[in-house]
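Chain by chain, the residues run as shown.
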Amino acid sequence: MEEEGKWESKFPAFPYEPYSIQIDFMNSLYHSLNKGGVSMLESPTGTGKTLSIICSALQWVVDRREQQKSEKGGDGKTWENDDEHGLDDEPDWIRDFVANKDNQGQEKKIKMKKFGVGFGKPDKRRDRESCKDLFSQGMEGEDLVTKKEGENSQKKKDAVELTDEEFLLEDYESEVEGPGGKSKRKSGGDPLSSSSDGEGEEDHSNEEEEEKLKVYFCSRTHSQLSQFIKELRKTIFANEIKVVSLGSRKNFCINEEVSKLGNSTRINERCLELQKNNKKEVSKIKNMGAGGRIRRTKASSGCPMLRKPKLQRQFRSEISQQGALDIEDLVHLGRNMGTCPYYGSRSMVPAADLVILPYQSLLSKSSRESLGLNLKNNIVIIDEAHNLADSLISMYDSKLTLSQLENVHSHIERYFERFRNLLGPGNRRYIQTLMVLTRAFLQILREDASVDLPHTEKASGANSAFYASMAINDFLFSLNIDNINLVKLLQYIKESNIIHKVSGYGDKTASLQKCSAHYDTGECSEVESTLSGFRALSDMLLSLTNNNGDGKIIVSRSQPTCSGQQGGYIKYVMLTGEKIFSEIVDQAHAVLLAGGTLQPIEETRERLFPWLPPNQLHFFSCSHIVPPESILPVAVSRGPSGQSFDFSYSSRSSAIMIQELGLLLCNLVTVVPEGIVVFFSSFDYEGQVYDAWKASGLMERIMKKKRLFREPRKSTDVESVLKEYKETINTLSIGASKENPASQSGAIFLAVVGGKISEGINLSDGMGRCIVMVGLPYPSPSDIELIERVKHIEGLGNSNPIKPPKFSVTEEVYNGGVKAGFDILRSCRRRGKEYYENLCMKAVNQSIGRAIRHVNDYAAILLVDTRYASDPSSRSLSHPANRLPQWIKDRLVSSTDSYGEVHKLLHQFFRFNKKRGC
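About the thresholds
- Residues numbered from 1 in each chain as written.
- Predicted model: local features only at pLDDT ≥ 70, side-chain atom pairs only at ≥ 80, totals over all residues.
- Heavy atoms only, no water.
- Helix = DSSP H or I, 4+ residues; strand = E, 2+ residues; numbered from the N terminus.
- Buried < 20%, exposed > 50% of the residue type's maximum accessible area, 1.4 Å probe, protein only.
- Contact = heavy atoms within 4.5 Å.
- Areas by Shrake-Rupley, 256 points an atom, 1.4 Å probe, with all protein chains shown as cover.
- pLDDT = per-residue confidence, 0-100.
- Expected span 1.5 Å × (residues − 1).
- Axes fitted to C-alpha atoms, helices over the stretch in contact; angles between N-to-C directions.
- Parallel < 35°, antiparallel > 145°, perpendicular 65-115°, else oblique.
- Left-handed = near helix turned anticlockwise from the far one by under 90°.
- Nonpolar A, V, L, I, M, F, W, Y, C, P; charged D, E, K, R; others polar.
- Pairing = 2+ DSSP bridges.
- Phe/Tyr/Trp six-rings, centres within 6.5 Å; stacked < 30°, edge-to-face > 60°.

If you tally the helices and strands in the protein, you get 35 helices and 20 strands. A burial count over the protein gives 55% of its 918 residues as buried. Nonlocal contacts in the protein, meaning residues at least 24 apart in sequence, comprise 77% of its contacts between residues at least 6 apart. Here the protein has roughly 40,000 Å² of accessible surface; of this, 48% comes from carbon and sulfur atoms.

Turning to the confidence of the model for the protein, a few remarks are in order. In this model, the protein carries a mean pLDDT of 79, and residues with pLDDT of at least 70 account for 74%. Within the model, pLDDT remains below 50 along residues 75-162, and this stretch shows 201 contacts once partners closer than five positions in the same chain are excluded. Considering only residues more than four positions removed or in separate chains, one finds that residues 177-183, a stretch of pLDDT under 50, has 10 contacts.

Over its 14 residues, helix α13 (residues 309-322) runs 20 Å from end to end, which matches the ideal 20 Å to within 8%, given 1.5 Å per residue. If you check which residues of α13 are buried, you get Leu311, Gln312, Arg313, Phe315, Arg316 and Ile319. In this structure, the buried side of α13 is in contact with β3 (243-245), α14 (327-337) and α15 (341-346). Just downstream of α13 lies Gly323, where phi reads positive at about 85°.

Attention now goes to the packing of helix α26 (residues 601-608) against helix α33 (residues 831-848). Two elements in contact, α26 and α33, have axes separated by 11 Å at closest approach and are oriented at 120°. Looking at the two axes, α26 sits oblique to α33. In this structure, the crossing between α26 and α33 has a hand that is left-handed. Contacts from Glu603, Glu606 and Arg607 in α26 reach Arg831, Glu834, Tyr835, Asn838 and Lys842 in α33. Each residue belonging to the contact of α26 with α33 can be placed in one class, and the counts come to 1 nonpolar, 1 polar and 6 charged.

Before going further, it helps to spend a moment on the pairing of strand β13 (residues 590-595). With 6 of 6 residues buried, β13 is to be regarded as a mostly interior element. With burial as the criterion, each face of β13 is covered, one bearing Ala590, Leu592 and Ala594 and the other bearing Val591, Leu593 and Gly595. The pairing of strand β1 (residues 37-42) with β13 spans 6 bridges and is classified as parallel. Opposite Gly37, over in β13, you have Ala590 as the bridge partner. Where strand β7 (residues 379-382) lies against β13, 4 bridges are found, and the strand directions are parallel. Bridging across to β13, Val380 finds its partner in Val591.

Pairs of aromatic rings are described using the distance from one ring centre to the other and the angle between the two planes. Applying the stated criterion across every chain yields a total of 21 aromatic pairs. Measuring from ring centre to ring centre gives 5.9 Å for Phe25 and Phe620, while their planes differ by 75°; the resulting arrangement is edge-to-face. Within this pair, whereas Phe25 is found in helix α2 (residues 20-35), its partner Phe620 is found in strand β14 (residues 618-621), the two being separated by 595 residues in sequence. Between Phe680 and Tyr685, the ring centres sit 6.1 Å apart and the planes meet at 70°, which makes this aromatic pair edge-to-face. Assessed through its relative accessible area of 0%, Phe680 is described here as buried. The class of Tyr685 is buried, set by a relative accessible area of 4%.

All right, on to the sheet that holds strand β20 (residues 859-864) then. Within a beta sheet, neighbouring strands are joined by backbone hydrogen bonds and run either parallel or antiparallel to one another. The strand order β15-β20-β19-β16-β18-β17 describes an open sheet built from 6 strands, whose pairing is parallel. The open sheet is flanked by β15 (631-636) and β17 (707-710), the only strands paired with a single partner. The mean inter-strand angle of the sheet, taken between neighbouring strand axes irrespective of direction, is 15°. Taken together, the 4 bridges between β17 and strand β18 (residues 747-752) define a ladder with parallel strand orientation. Residue pairing in the sheet places Arg710 in a bridge with Leu750 of β18. Packed on one face of the sheet, α33 meets β16 (675-680), β19 (770-774) and β20 and runs near 160° to β19.

A few words now on unusual backbone geometry. Omega for the peptide link from Gln599 to Pro600 comes to 0°, which places this bond in the cis form. With respect to the helices and strands, the residue Pro600 is situated in the loop between β13 and α26. Positive phi values are uncommon outside glycine, yet Glu674 reaches one of about 60°. With respect to the helices and strands, the residue Glu674 is situated in the loop between α27 (655-671) and β16. Owing to a relative accessible area of 21%, Glu674 belongs among the partly exposed residues under this scheme.

Next up, the structure:
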């Protein structure tokens, strides 16, 4: 622990006098950055973790730059353009960092890059393989020069009608067929993004700025990232460093014609389509005389928010002047200036010192490449890392539905029928291969499928379905497609632009059939659904190139619905995150995992970085800043009428249990001031309980004392409901008079574990005076993907990895039955069972941690279920109470004889804290 006053010299940016645990946290993080590698830092919610991360990590960066500058002779150069070698006594990683930068200096002089387009190093391979979708108007200067490329550079008339020749693919030869192992045509980038602008070597962004040391901070939600910006603004760093916030198009888009589509996938695809259209117009160039002078024609299509490069430059300049801005600020600025904040913020990445972005953007390799994020020797901080392993692997899942397959297959067939005699042999062969694959996938999904699936079970009931789970190789062999070279096929899809050619032709034929010149929303949706289908097919093909043991293929054959639609699908479920995470660790200087509840850390280590010995993993954990008298955690085993609480799967829906829970709430609203938040295991169960209370009259009794709110299923509606909830508490709590005790005082909020309220929302002070956790929110054992993960994790660390663990029930779970899922869980000896239990308790800990947000806050935490109650001296290590955070476990009232005892404790607790004046 730091001596009093010493922290000021080490962490001068901290805006207040820190608590001892905050000093310990900052010192530990600083040490982790010195050491490099992987570290895990745990600090309970409400302890100022975010502010500690900012002041420690950014101070470390400043110190390193100052050290580097002084070691280079103090020549007065700024760290931003310093490119000389350091001295021999520098840490290895700093020497490597500078050496790499110097070695690339010569290449920079030769390879000019367009500002705002490339973002990354001039790496041809990455430019070819990455999923770029960067806008084509971000360069400095008034003129935009593009190259003619094959037939696409021919002058087109401005008429509305287009000839079919536009949709004809250029001749394609694979690397085996073409001379010298090269393709005949130039690489067109990823056809799904189709907005890369020219070749990589033409790009001349400021490579030196790209090379400087960066901090990447990522979290799960946009609201958590906005909270990070708010904390950053409290420090001097907000105005001294260059900060940029990245996010999704859905959050950034200010083009109302695009944003009104609502769905993220449709917004992405429409945005990329506009960039593609814009590129076509900009590419219309003319040779002016013998001098070869080139003139750009006026762009008449594309997104109106990207037509003026000058506005994008002004946008970047404004960001630099205003300091740290969150997504809402950037959207507001972009709307006022009439230019795209999504691409504007992306163009700031090379010059940024601190990049703030959501999980997906950093953890997904394709997203990193698309954004041009360079992790080499930089710092990666991953906040809210309690479920990092599952979040990481889920990004690499892929799903292909029956309707998508039928759509894609019909489009390819129509295209092939029209252009068959005009296509070269290479194109013909690959398109036929695609048709073979889509036909095989369709065959396995249809009800009359003749393909035999191993371990297939049929469920009973109205929504009966066939399910099967198998390894990649088994799937390929069962469809007789194991002889297809998927790697070469994917390369063809990327390089040939077939997806947009087929989609474009399908769009034209569909519009002609409608005999309408109007481009209505329905037609737009048709194009986007086709692109979505092609994207899903490409993702699935890419998934099938993974190692056989990396994941599982799940096939679902659903019965046709009354409307005639079929809901079958093929899904690849990634099961291992080790290789994915190692790509990040190998590049970055340091990777820090931060969170309020990271334990048990061994599970995370085994799943993400098993190569790292336990004794080499730097782990830090601290207690809470609130005094013991500020929290009251109680295991509530009985209700007001004496009924024992059991919210296990088999009994939670009983009328008696729901009634007893309602009676508990009727009592709590009389003793708890201000706000009560009740967490249920699912939206379905919350709805079931709400309806039962309403029918029985219990709801009316509850609402006599507190106004009731419910968490909306649509996450975009949560903010407005929360705002009303907070305003109600403030109004009613102040207005509640002693003369009229029967009047409403405060509010009650019915929330769901795993919903937006339980993840990253601050329920401080009156918003969360009492948190009620109903039961143990175990995930459903009928979840096919969950059971596959459980089985995979159970096999981790086996001495004989070739022989998987045996389960008493193997594939019967795929009839969707809960009993079969429980049988598999009971068959697990250790790891699989622990993983399942940890999922539950991590969700509990996240939810109950929403309440205590600062040192003067106070709240009661009621764990309502007999399974929480126990004798501390005799409970096992796997007992739910032992998986609570230490600061709650130390103060837990683990057993009570009756509800009367609980009520008395609550009355004393709130009376004491009211007198204390918190």
